[in-house]
Amino acid sequence: MELAEKVLAGEMRAVARAISYIENDHTQKEELIDTLYPHCGKAAVWGLTGPPGSGKSSLLDHIIDRERKRGSTVAVIAVDPSSPFSGGAILGDRLRMQKHATDSGVFIRSMASRGHLGGVAGATADVIKVLDAAGFDLIIIETIGVGQTEIDVVEMADVVLLLLVPGLGDEIQALKAGVMEIGDIFIINKSDRDDADKVRAEVEYVLGLKYTDDDDERNPVFMTSAKLNEGIDEMLAGVHAYFDKISNNGWLEQKRKKRIASEIKTILAAKIKNEVERYLREDNLLEHWVEQIYKGKRSPYAMINEKLQSFAWEYHSK
Amino acid sequence: MPKRIRILIAKPGLDGHDRGAKYVARALKDAGYEVIYTGIRQSPQAIAKTAVQEDVDFVGLSLLSGAHNELFPEVVRLIRENGGENIIVFGGGVIPDEDIPFLKEQGVEVVFTPGAPMQDIIAFIEANKERTAH
């Protein structure tokens with residue numbers, strides 16, 4: 001496959017086009033991913049998440065600086081929400097990172113969530129594979145500004161950096177389920193603000209409530225100011241140390257296997273759903289069933305269980 | 001997932017007047033397009049590389065400084081040089097009528113001057129979107 005070869009050679013135009021194939025569910029998408037897949041697994045994948053306006057893109061700008069100086073090539077997937085009304089989107093994250101636009105060791109791609117609700121776009125997992133196969137050392141996924149439950153990034157990233165800022169509420173907010181549970185590294189950004197220390201204390205307090213005797217399971221907390229360019233080196237040293245740790249203690253392998261498991265389930269569920277929809281369209285089957293239930297001839301569960309068996313049989317005999 | 005049209009709205013050169021660009025970006029979002037906005041004071045190189053990395057279908061350039069005759073053609077040239085052969089470039093801003101034929105010659109397909117209705121911009125995109133198909 002010509003496009004895949006160009007991606008493997010690291011041609012930027014081809015990488016960009018391959019990402020579009022995935023976003024638009026192009027007919028050659030599956031072949032593309034399968035061709036690239038044997039070349040994946042070399043990149044470190046970081047997720048950067050946090051509430052809207054917490055400084056994800058601004059911090060990322062500094063992270064790219066530092067990682068480039070270490071000699072790594074960096075790819076960024078920056079996700080912003082699609083409008084639920086028009087389907088359009090304003091993708092403005094890269095505005096804060098534009099000084100890297102002409103660096104050939106940096107690739108930034110904005111993605112609209114296109115109706116996917118987990119804080120990333122539905123196509124993100126496959127886009128990571130393209131960037132990985134293209135040879136980027138570090139891939140960073142910047143999620144949309146999250147609330148409490150947009151946690152899909154945890155399934156895609158080796159390390160999740162959770163950004164918090166002053167002014168979001170007391171420690172009870174930090175105690176809640178959801179986003180607060182997915183951070184590997186906690187970053188209090190806007191440390192130049194007066195109440196940043198208080199946030200740090202609250203976050204550390206809540207993390208200290210975690211039921212474990214294993215010090216390895218304690219999450220590191222860092223303070224940064226993207227505005228003043230402060231605390232970034234310390235934070236990144238912590239991220240690299242964490243990555244080394246999980247590479248050595250087996251957690252990274254566990255995480256990546258979990259990721260493959262969840263991908264298998266997602267792909268399988270999508271394929272079955274397509275088959276079901278195709279099946280229901282045949283001979284206006286759905287309308288026929290609706291009629292039967294509407295007229296009281298059948299009850300829904302009994303009928304669907306019976307139909308499911310014949311569907312499985314038909315599928316099996318194909 | 002059907003293909004969505006992606007449009008880069010960019011401001012080349014030294015010009016901080018971005019209200020027009022933001023207005024257009026927002027209206028295009030409301031019309032259902034995915035709009036990448038890169039902010040003010042972008043170099044032609046940065047715009048071209050961004051257009052290619054983002055695999056956009058259109059690039060809309062906004063300029064009110066008077067340097068359009070230099071900057072717009074340079075952006076078009078660099079987009080082509082970086083492999084964006086099918087990307088359609090259009091322009092807008094304070095641009096005298098007598099400059100428009102030159103800009104068109106240089107690959108800026110259409111220029112929207114002050115007072116141009118938003119519907120005209122959307123109609124232009126709708127009329128040309130199939131050309132960028134991939």
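Not measured: the values here are computed from a predicted model.

Caption draft 1: Spatial organisation of the UniProt feature "domain: B12-binding" (unreviewed entry) in chain B. Under the present numbering, the feature "domain: B12-binding" (unreviewed entry) in UniProt falls on residues 4-132 of chain B. Span residues 4-132 of chain B is 41% helix and 20% strand, its end C-alpha atoms 11 Å apart.

Caption draft 2: Representation of the nonpolar core in the model. Residue and element names in this part refer to chain A. V7, V15, I77, F107, V130, L131 and I139 are the most contacted members of the largest nonpolar core, which totals 40 residues. Secondary-structure elements contributing two or more residues to this core are helix 1 (2-8), helix 2 (12-23), helix 3 (29-36), strand 2 (74-80), strand 4 (106-112), helix 5 (124-133) and strand 5 (138-142). Here the element with the most residues in this core is helix 2; it accounts for seven residues. For V7, the residues in contact, after removing those within four places along its chain, are A14, V15, A18, L36, V130, A133 and A134. Counting residues in hydrophobic clusters, the runner-up holds 30 residues, among them A44, F222, V239 and L252.

Caption draft 3: Geometry of the pattern of salt bridges. Within this structure, the stated rule accounts for 41 salt bridges over all chains. The salt bridge involving B:D55 is made with A:R13; its shortest N-O contact spans 3.4 Å. Of this pair, B:D55 sits in the loop between helix 2 (44-53) and strand 3 (58-63) while A:R13 is found in helix 2, placing the two residues in two different chains. Overall, the relative accessible area of 1% leaves B:D55 in the buried class. Residue classification places A:R13 among the buried residues on the basis of a relative accessible area of 17%. Its salt-bridge partner being B:D57, residue B:K3 comes within 3.2 Å of it at the nearest N-O pair. Taken together, the residues B:K3 in the segment before strand 1 (6-10) and B:D57 in the loop between helix 2 and strand 3 connect sequence positions 54 residues apart.

Caption draft 4: Highlighting the layout of surface pockets. Residue and element names in this part refer to chain A. Roughly 1,600 Å³ of volume is contained in the largest pocket. Only helix 2, helix 3, strand 4, helix 5 and helix 9 (251-281) provide two or more residues apiece to the lining of the largest pocket. For the lining of the largest pocket, the element with the highest residue contribution is helix 9, accounting for 14 residues. For the lining of the largest pocket, the residue count by class is 19 nonpolar, ten polar and 18 charged. No fewer than three residues from each of domain 1 (39-249) and domain 2 (262-317) sit in the lining of the largest pocket. Roughly 710 Å³ of internal volume is contained in the second largest pocket. Lining the second largest pocket are 28 residues; nearest its centre among them are V154, E181, I182, G183 and D184. Among the elements of the structure, helix 6 (171-175), helix 7 (196-208) and helix 9 are those that each provide at least two residues to the lining of the second largest pocket. Per element, the largest residue contribution to the lining of the second largest pocket is six residues, and it comes from helix 9. Partitioning the lining of the second largest pocket into residue classes produces 13 nonpolar, four polar and eleven charged.

Caption draft 5: The sheet that holds strand 2 of chain A, seen in detail. Residues and elements named next belong to chain A. Read from one edge to the other, the open sheet built from seven strands follows the order 4-2-5-1-6-7-8, with strand pairing classed as parallel. At either margin of the open sheet sits one strand with a lone partner, and together these are strand 4 and strand 8 (221-223). Going across the sheet, the axis of each strand differs from the next one's by a mean of 20°, ignoring polarity. With five bridges connecting them, strand 1 (residues 44-49) and strand 5 associate as parallel partners. If you follow G47 over to strand 5, its bridge partner there is I141.

Caption draft 6: Structural view of unusual backbone geometry. Residue and element names in this part refer to chain A. Of note, the phi angle at R114 is positive, near 45°, even though the residue is not glycine. Counting through the fold element by element, R114 comes out in the loop between strand 4 and helix 5. Overall, the relative accessible area of 14% leaves R114 in the buried class.

Caption draft 7: Layout of helix 3 (residues 68-81) of chain B. All names here are of chain B. The first and last C-alpha atoms of helix 3 sit 19 Å apart over 14 residues, in line with the 20 Å expected at 1.5 Å per residue. Against helix 2, strand 3, strand 4 (88-93), helix 4 (100-105) and strand 5 (108-112) lie the buried residues of helix 3. Looking one or two residues beyond helix 3, the residue adopting positive phi is G83, at roughly 100°.

Caption draft 8: Seen up close, helix 2 of chain B. Within helix 2 of chain B, eight of the ten residues are buried, leaving the element largely enclosed by the surrounding structure. Residues of helix 2 of chain B that are buried: B:P44, B:A46, B:I47, B:A48, B:T50, B:A51, B:V52 and B:Q53. Those residues of helix 2 of chain B that are buried lie in contact with helix 2 and strand 4 of chain A together with strand 1, strand 3 and helix 3 of chain B. Trailing helix 2 of chain B by a residue or two, B:D55 shows a phi angle of about 50°, which is positive.

Caption draft 9: Up close: the pairing of strand 4 of chain A. Residue and element names in this part refer to chain A. Of all seven residues making up strand 4, seven are buried, and the element is well covered by its neighbours. The two faces of strand 4 match: V106, I108, S110 and A112 on one face and F107, R109 and M111 on the other face are all buried. Direction of pairing for strand 2 relative to strand 4: parallel, over a ladder of seven bridges. Note that in strand 4 the partner of D80 across the bridge is A112.

Basis of the calculations
Residues numbered from 1 in each chain as written. Chains lettered and ligands numbered in written order. Predicted model: local features only at pLDDT ≥ 70, side-chain atom pairs only at ≥ 80, totals over all residues. Heavy atoms only, no water. UniProt positions renumbered as here; feature names shortened; annotations may be inferred. Helix = DSSP H or I, 4+ residues; strand = E, 2+ residues; numbered from the N terminus. Core = buried A, V, L, I, M, F, W, Y, C linked by side-chain atoms within 4.5 Å. Buried < 20%, exposed > 50% of the residue type's maximum accessible area, 1.4 Å probe, protein only. Contact = heavy atoms within 4.5 Å. Salt bridge = Lys/Arg side-chain N within 4 Å of Asp/Glu carboxyl O. 1 Å grid on protein atoms, 1.4 Å probe; cavity = no way out; pocket = protein on both sides within 12 Å on 5 of 7 lines; lining within 4 Å. Points joined across faces, edges and corners; volume = space filled by probe spheres on them. Nonpolar A, V, L, I, M, F, W, Y, C, P; charged D, E, K, R; others polar. Domains from an automatic or database assignment. Pairing = 2+ DSSP bridges. Axes fitted to C-alpha atoms, helices over the stretch in contact; angles between N-to-C directions. Expected span 1.5 Å × (residues − 1).

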